[in-house]
There are 2 protein chains.
Amino acid sequence: MQKLLKYLLYKKSALKKNFLPLHEPDISKLDQKEITKIINSGFVSSVGKDIQRFENIISKFTNSKFVITTINGTAAIHIGLKLLGVKKGDEVLLPSIGFVAAANAIIYNNAEPHFVDSELNHFGVDPDKLKEYLKKNTYISNNKCINKKTKKIIKAIIIVHVFGHPAKISEIIKIAKKYKIKVLEDAAESLGSKYKGKHVGNFGDIGILSFNGNKIVTTGSGGAILCNNRYLAKKARHLVTTSKLKHKWEFIHDDVGYNYRLANLNAALGISQIKRVNKFIKKKHEIYKRFNKLIDNSKDLFLLNQPKSCRSNFWLQTLVLKKPSVHLRNKILTIFYKKKILARPIWKPLHKLSFLTKYQKMSLKNAEQIEKKIINIPSSCYL
Amino acid sequence: MQKLLKYLLYKKSALKKNFLPLHEPDISKLDQKEITKIINSGFVSSVGKDIQRFENIISKFTNSKFVITTINGTAAIHIGLKLLGVKKGDEVLLPSIGFVAAANAIIYNNAEPHFVDSELNHFGVDPDKLKEYLKKNTYISNNKCINKKTKKIIKAIIIVHVFGHPAKISEIIKIAKKYKIKVLEDAAESLGSKYKGKHVGNFGDIGILSFNGNKIVTTGSGGAILCNNRYLAKKARHLVTTSKLKHKWEFIHDDVGYNYRLANLNAALGISQIKRVNKFIKKKHEIYKRFNKLIDNSKDLFLLNQPKSCRSNFWLQTLVLKKPSVHLRNKILTIFYKKKILARPIWKPLHKLSFLTKYQKMSLKNAEQIEKKIINIPSSCYL
């Protein structure tokens, strides 16, 4: 730990930074060219061609047939769930270990979050616990998964690829199929991450990405819906553009709609950024190796490696305590905090947030452990 | 009409445009400076200082004490209604003559749209009809306005300043106060418009702006909540930043929240744009005068001037048929369409959209007339 801290302090001083953030995007003069083109064209809003161009590039990069960009990842989850048929009164499974946006998006759809546990190695949904839980607590009726207790339909599950590390997505998909549950893959943090050679976000019925300012590729704010189904893609595009029908001049909207399209200005930045994504990922792998050497042989903690058969984008580097301890975790966080190096624990498990305690959950022993074990440390490409 | 059409065709050809859009923002090399600064600083997302700077400039320009920027105007209405206490099962009055976003935002809050009529001169909510309707159809109980028929609370009214022309806001506010109804002023199209010397958006309990690409000042996509109440402003800022509490490192959210903050990249464009807003408005007044001369003495139609005691920003220039006629309206629209000059009717009255027909409404005779009388024509500053 001391060697790592020393290195980060050295970097902070060499880069002349007042504080070292967790993750800064690599924004450089290279990005100016695309933006300048946009400014010169005058098309900064949602009518420009760059949105289409950006979507095509993401489609190639992720190997998703259809890509619909959105103003952010939250909007993508909101609409994604709608595409999967999530309606008022439905239940949606999601890991307690994840960003709050997923729970919010379920509630936007007037559905109910229902928390599941995560596995201890890479913090994705635990397939074994999921299987056992569904077996015990649900039955299939009319091709739908029914919660025995509430009699409500469990319509979908959200799988999060945490910090850029793929969850055990193949196993989870198998279970979800058996139980007639649709899968939304939250790959917000995982652009460029692959599970057995296939880009994440492509395993489930719908995938989503985020291009927020803290992500590996940024558009300022932005996100995307990934899918391989032409009908769903068309529906997504309709919903995010206020459900407006095509007409020479009339304003006809045929459903409740959303103003969720990415602006051209933001897409232009994305086009420039995504050209460098493989370079970014390479750098992040190097950072992992460097940091790993610096904390070698620590008795208390280790640096998280990518899962077997996976390529992680290593968006955030993660220290894992060998034994769960809020005391040790906070001690380390405090050391970083005092040195103006941003470190943070994993998100507070969602089932513990005051407005979410009322929702259903399985036993969340792993989530409780994970909360006490994780520290993310600065991970920007310039390190 | 012929003279006006000739002028627009001349402009289209002089500007070497394939088609003449309804409204294009004035994006120029002047905007590059601010954007380049942002790119060089690396802070393109929601952590940069430009958001605060942009909010301060809008605050000064509109004379609103508090300004909270958002990703778009729809998000601003969504949160604005929440600030006014709009909840599941409440009713919210809104004009049938307006953009669909207002109705959607009511539905996002699980409340019910309830349509009111507009006045024939400038298409804002008709205060006389509103007064009569409330008198007949509501009563006050416990300081709340109750719909006699449904027994539901009419919590708020949305007032739209259509095409940049102020509605009869003072009269409406008086009625709303009497009936204990909160007022959200939708000034999405009306940055720079004033009613008796006071900037619109400042009369109601909450105001909103839009900086979409088709507006007088653009941020690519963007919007703002205006208010003069410190408590509501604080609540707005909390809600649009995922309801996250301040903490050294913990992620604690105390309520359902939204990812609605404007990104720094977009704020930078706004800062550069808003410096020129008075110039834009001056140009738009000149365009009004020029167009007005070109259609002088038409027996069928006239060009809409600003209301008495108001300064409109003249965002969109508006032809008004002297007698309602869909036939004549469509004939004119077709002429423009064939010449690749974009013209459009006013929005289809919202109560006629299939997904909104089920909601309550007063008699909407004026709205039906307005639909048959209005043609917006190209209005960009370069004309």
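Residues numbered from 1 in each chain as written. Chains lettered and ligands numbered in written order. Predicted model: local features only at pLDDT ≥ 70, side-chain atom pairs only at ≥ 80, totals over all residues.

**Q** When you look at the overall build of chain A in this model, what are you seeing that I'm missing?
**A** Counting its regular elements, chain A contains 12 helices and 16 strands. In summary, chain A has a C-alpha radius of gyration of 21 Å against a globular reference of 21 Å for 383 residues, a match within 12%. The principal-axis extent of the C-alpha atoms belonging to chain A is close to 65 × 60 × 35 Å. Burial analysis of chain A (383 residues in total) assigns 55% to the buried set. When contacts within chain A are restricted to residue pairs at least 6 apart in sequence, long-range pairs at least 24 apart make up 70% of them. (Helix = DSSP H or I, 4+ residues; strand = E, 2+ residues; numbered from the N terminus. Rg over C-alpha atoms; globule rule 2.2 N^0.38 Å. Buried ≥ 20, exposed ≤ 12 C-beta atoms within 10 Å, placed from the backbone. Contact = placed C-beta atoms within 7 Å.)

**Q** Hey, could you run me through the sheet that holds strand 11 (residues 223–227) of chain B in this one?
**A** In any sheet, the strands associate via hydrogen bonds between backbone groups, in a parallel or an antiparallel arrangement. All names here are of chain B. The strand order 1-11-10-7-6-2-3-15 describes an open sheet built from eight strands, whose pairing is mixed. Across the chains shown, the open sheet's two edge strands, defined by having one partner strand only, are strand 1 (66–70) and strand 15 (360–361). Here strand 2 (residues 91–95) pairs with strand 6 (residues 154–160) via three bridges, running parallel. Within the sheet, the bridge partner assigned to leucine 93 lies in strand 6 and is isoleucine 157. Strand contacts of helix 8 (residues 230–240): strand 1 and strand 11, with the helix running at about 15 degrees to strand 1, the strand carrying the most contacts. (Pairing = 2+ DSSP bridges. Axes fitted to C-alpha atoms, helices over the stretch in contact; angles between N-to-C directions.)

**Q** What is the right way to read the relation of the copies chain A and chain B from this model?
**A** Relating one copy of the chain to the other requires a rotation about an axis plus a shift along that axis. The transformation that overlays chain A on chain B combines an axial shift of 0.0 Å with a rotation of 180 degrees, and the residual RMSD is 0.0 Å. With respect to symmetry, the two chain copies, as superposed, fit the operation of a two-fold axis. The share of interface residues of chain A whose copies in chain B are also at the interface is 100%, consistent with both copies meeting through the same surface. (Least-squares fit on C-alpha atoms with pLDDT ≥ 70 in both.)

**Q** It is not clear to me how the sheet that holds strand 8 (residues 194–195) of chain A should be interpreted in this structure. Could you clarify?
**A** All names here are of chain A. Pairing within the open sheet is antiparallel, and its three strands lie in the order 9-8-13. Strands with a single pairing partner mark the edges of an open sheet, and in this sheet they are strand 9 (198–199) and strand 13 (310–311). Sheet topology note: the strand 8/strand 13 ladder contains two bridges and is antiparallel. Bridging across to strand 13, tyrosine 195 finds its partner in cysteine 310.

**Q** What is the right way to read the interface of chain A and chain B from this model?
**A** When the parts of a complex come together, some accessible area is lost, and that lost area is often used as the size of the interface. Taken together, the 52 residues of chain A in the interface contact 52 residues of chain B. Among the elements that line the side of chain A that touches chain B, the one with the most residues is helix 2 (residues 29–41) of chain A, at five residues. A breakdown of the residues in the side of chain A that touches chain B according to their chemical character gives 23 nonpolar, 21 polar and eight charged. (Nonpolar A, V, L, I, M, F, W, Y, C, P; charged D, E, K, R; others polar.)

**Q** Honestly, the packing of helix 2 of chain A against helix 9 (residues 264–274) of chain A in this entry has me stumped. Any pointers?
**A** Helix-helix packing is described using two parameters, namely the angle between the two axes and the distance between the axes. Residue and element names in this part refer to chain A. Here helix 2 crosses helix 9 at 150 degrees, and the two axes come no closer than 8 Å. Classified by chirality, the crossing of helix 9 by helix 2 is right-handed. Contacts between helix 2 and helix 9 involve Leu30, Asp31, Lys33, Glu34, Ile35, Lys37 and Ile38 from the first element and Asn264, Leu265, Ala268, Leu269, Ile271, Ser272 and Gln273 from the second. Here the contact of helix 2 with helix 9 is built from residues that sort into seven nonpolar, three polar and four charged. (Left-handed = near helix turned anticlockwise from the far one by under 90°.)

**Q** What's the story with the domain arrangement of chain A in this structure? I'm lost.
**A** Residue and element names in this part refer to chain A. Under the domain assignment used here, chain A contains domain 1 (2–26 + 277–352 + 359–377) and domain 2 (29–275). The distance between the C-alpha centroids of domain 1 and domain 2 comes to 25 Å. At five residues, the largest contribution of residues to the side of domain 1 that touches domain 2 is made by helix 12 (residues 365–371). Its residues placed into classes, the side of domain 1 that touches domain 2 shows 18 nonpolar, 11 polar and three charged. (Domains from an automatic or database assignment.)

**Q** How do you make sense of helix 2 (residues 29–41) of chain B when you look at a structure like this?
**A** Working note: α-helix, 3.6 residues per turn, so residues spaced by three or four point in the same direction. End to end, helix 2 of chain B covers 19 Å across 13 residues, agreeing with the expected 18 Å (1.5 Å per residue, within 8%). Along helix 2 of chain B, the positions that sit buried rather than exposed are Asp31, Glu34, Ile35, Ile38 and Ile39 of chain B. Check the buried side of helix 2 of chain B and you find it contacts helix 2 of chain A together with helix 3 (50–62) and helix 9 (264–274) of chain B. One or two steps after helix 2 of chain B, the chain reaches glycine 42 of chain B, where phi turns positive at roughly 85 degrees. (Expected span 1.5 Å × (residues − 1).)

**Q** Help me understand the environment of lysine 17 of chain B in this model?
**A** Residue and element names in this part refer to chain B. In this structure, lysine 17 sits in the loop between helix 1 (2–14) and helix 2. Given 15 C-beta atoms within a 10 Å radius, lysine 17 is considered partly exposed. Each C-alpha atom of the pair lysine 17 and isoleucine 341 lies 9.9 Å from the other, and the pair is 324 residues apart in sequence.

**Q** How do you make sense of unusual backbone geometry when you look at a structure like this?
**A** Most peptide bonds take the trans configuration, and most residues that are not glycine carry a negative phi. Residues and elements named next belong to chain A. Of note in this structure, lysine 151 is not a glycine but carries a positive phi near 65 degrees. Structurally, the position occupied by lysine 151 is in the loop between strand 5 (144–147) and strand 6 (154–160). For phenylalanine 314, which is not glycine, the phi torsion reads 50 degrees and is therefore positive. Relative to the helices and strands, phenylalanine 314 resides in the loop between strand 13 and strand 14 (317–321).

**Q** It is not clear to me how the confidence of the model for chain A should be interpreted in this structure. Could you clarify?
**A** Detailed reading of the predicted coordinates is not advisable wherever pLDDT falls low. Residues at a pLDDT of 70 or more form 99% of chain A, whose mean pLDDT is 94. Two numbers describe this predicted complex: its pTM, 0.96, and its ipTM, 0.94. (pLDDT = per-residue confidence, 0-100.)

**Q** Please explain helix 1 (residues 2–14) of chain A as it appears in this structure.
**A** Taking 1.5 Å per residue as the helical rise, helix 1 of chain A with its 13 residues ought to reach 18 Å, and the 18 Å between its terminal C-alpha atoms agrees with that figure. Phi for lysine 16 of chain A, located one or two positions after helix 1 of chain A, is positive at around 55 degrees.

**Q** I tried to follow the environment of valine 240 of chain B on my own but got confused; where do I start?
**A** Residues and elements named next belong to chain B. Mapped onto the fold, valine 240 is located in helix 8. Separated by 21 residues in the primary sequence, valine 240 and arginine 261 place their C-alpha atoms 5.7 Å from one another. Setting aside anything within four residues of it in sequence, one finds valine 240 in contact with Ile68, Thr70, Ile79, Tyr258, Tyr260 and Arg261.

**Q** Would you take a moment to explain the environment of isoleucine 68 of chain A for this structure?
**A** Residue and element names in this part refer to chain A. Assignment of secondary structure puts isoleucine 68 in strand 1 (residues 66–70). Isoleucine 68 gets classed as buried once you count the C-beta atoms within 10 Å, which come to 30. Isoleucine 68 sits 38 residues away from leucine 30 along the chain, and the two C-alpha atoms are 25 Å apart. The contact partners of isoleucine 68, leaving out residues within four places of it in the chain, are Ala224, Ile225, Ala233, Ala236, Arg237 and Val240.

**Q** Sorry, what's going on with the pairing of strand 3 (residues 112–116) of chain B here?
**A** The two faces of the sheet receive side chains in turn, since in a regular strand these alternate between them. Residue and element names in this part refer to chain B. Taking burial as the measure, the five residues of strand 3 include five buried ones, the bulk of the element. Burial along strand 3 is two-sided: Glu112, His114 and Val116 facing one way and Pro113 and Phe115 facing the other are all buried. Here strand 2 runs beside strand 3; their pairing, made up of five bridges, is parallel. In the sheet register, valine 92 faces strand 3, and the bridge partner there is proline 113. In the classification by handedness, the crossover that spans strand 2, the intervening helix 5 (residues 101–108) and the parallel strand 3 is right-handed. (Right-handed = clockwise from strand over helix to strand, strands pointing away.)

**Q** What is the right way to read the packing of helix 3 (residues 50–62) of chain A against helix 9 of chain A from this model?
**A** Residues and elements named next belong to chain A. Closest axis-to-axis distance for the helix 3/helix 9 pair is 8 Å, and the angle between their directions is 35 degrees. The interaxial crossing formed by helix 3 with helix 9 has left-handed handedness. Counted together, Asp50, Ile51, Arg53, Phe54, Ile57, Ile58 and Phe61 of helix 3 and Asn264, Ala267, Ala268, Gly270, Ile271 and Ile274 of helix 9 form the full contact between these two elements. Considered class by class, the residues forming the contact of helix 3 with helix 9 number nine nonpolar, two polar and two charged.

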